[in-house]
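Residue strings, one per chain:
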Amino acid sequence: MGDYLLERQKSERLHYRKLTSGDFTSWLPFYHDPNSTKYWDGLPNDVETACTEQFKRQFERYENGLGGMNALISIKTGDLVGICGLLLQTVDGIEELEIGYSILPQYRQKGYAFEAAQKCKQFAFEHRLAESLISIIQVDNIPSQKVALKNGMFLDKTTSYKNNQVHIFRVSSQPVNP
């Protein structure tokens with residue numbers, strides 16, 4: 001099993017590190033924005049509970065070698081911009097490596113999601129962590145779908161995942177011949 005975390009990696013504007021409990025307050029605005037959660041059913045309505053559950057899941061992933069979200073830190077300001085990472089997921093009974101990404105509201109539409117997702121893709125393929133990568137995106141979440149497409153992914157299938165209708169976007173380490 002590979003090391004799926006991008007600790008100490010850098011991209012043009014971002015530094016990658018593990019999420020820490022000290023990031024909790026900086027991440028709360030994500031849940032205060034209704035656009036952050038409008039696409040995903042089953043999240044707690046209480047902002048602090050939703051954030052607490054997300055952090056707990058990330059720390060469990062770290063402990064169990066299941067990948068996880070990295071804190072995306074602006075190189076210029078030192079501020080938390082979002083989270084992104086490689087996560088082991090089971091979709092339709094198949095274990096896959098997912099590129100997941102979420103950006104704080106004030107940093108959206110500035111290219112951070114694509115920059116971070118692209119870095120995850122490069123890291124995974126350079127370290128041969130998987131033959132292909134997926135992104136699990138709720139069917140109505142057009143902004144995230146645009147990031148996946150820009151990252152070279154294609155719509156592989158539509159399925160149900162954690163009681164949500166999702167598109168599975170995929171990119172392979174080797175180009176697929178028609």
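Right, let's walk through the structure included here. Computed from a prediction, not measured in an experiment: that's the story for all the values here.

**Describing the nonpolar core**
Ranked by internal contacts, the top residues of the largest apolar core, which has 50 residues, are Trp 27, Leu 86, Leu 97, Ile 99, Tyr 101 and Leu 133. No other element matches helix H4 (residues 112–126), which puts eight residues into this core. Filtering out sequence-adjacent residues up to four positions away, Tyr 101 remains in contact with Met 69, Ile 83, Cys 84, Ala 113, Ala 117, Ser 135, Ile 137, Ser 144, Val 147 and Ala 148. Counting residues in each nonpolar core, the second largest holds six residues, with Val 91, Ile 134, Tyr 161 and Ile 168 among its members.

**A few points about unusual backbone geometry**
The phi torsion at Arg 8 lies on the positive side, around 70 degrees, for a residue other than glycine. As for its placement among the helices and strands, Arg 8 is situated in the segment before strand S1 (14–18). Despite not being glycine, Gln 109 has its phi angle at roughly 60 degrees, a positive value. When you line up the elements, Gln 109 lands in the loop between strand S4 (94–103) and H4.

**Details of helix H5 (residues 142–150)**
Ser 144, Gln 145, Val 147 and Ala 148 are the residues of H5 that are buried. Buried residues of H5, viewed axially, fall in a sector of 155 degrees; they line one side. Summarising the geometry of H5, the exposed residues directed more than 90 degrees from the buried face are Lys 146 and Lys 150. Each element contacted by the buried residues of H5 is listed here: S4, H4, strand S5 (132–138) and strand S7 (164–172).

**A short note on the pattern of salt bridges**
Within this structure, the stated rule accounts for six salt bridges. The closest approach of N and O atoms between Asp 92 and Lys 157, which form a salt bridge, is 2.7 Å. In this pair, Asp 92 is assigned in the loop between strand S3 (80–91) and S4 and Lys 157 in strand S6 (residues 154–161), connecting sequence segments 65 residues apart. You can call Asp 92 partly exposed: its relative accessible area is 45%. Of the residues examined, Lys 157 reaches a relative accessible area of 26% and is grouped as partly exposed. One salt bridge in this structure joins Asp 156 and Arg 170, with 2.9 Å as the shortest N-O distance. One end of the pair, Asp 156, is in strand S6; the other, Arg 170, is in strand S7, and 14 residues separate them in sequence. The exposure class of Asp 156 is partly exposed, given its relative accessible area of 35%. A single salt-bridge network, built from bridges that share partners, covers Glu 96, Asp 156 and Arg 170.

Rules of the game
Residues numbered from 1 in each chain as written. Predicted model: local features only at pLDDT ≥ 70, side-chain atom pairs only at ≥ 80, totals over all residues. Heavy atoms only, no water. Core = buried A, V, L, I, M, F, W, Y, C linked by side-chain atoms within 4.5 Å. Buried < 20%, exposed > 50% of the residue type's maximum accessible area, 1.4 Å probe, protein only. Helix = DSSP H or I, 4+ residues; strand = E, 2+ residues; numbered from the N terminus. Contact = heavy atoms within 4.5 Å. Arc of directions from axis to C-beta. Salt bridge = Lys/Arg side-chain N within 4 Å of Asp/Glu carboxyl O.

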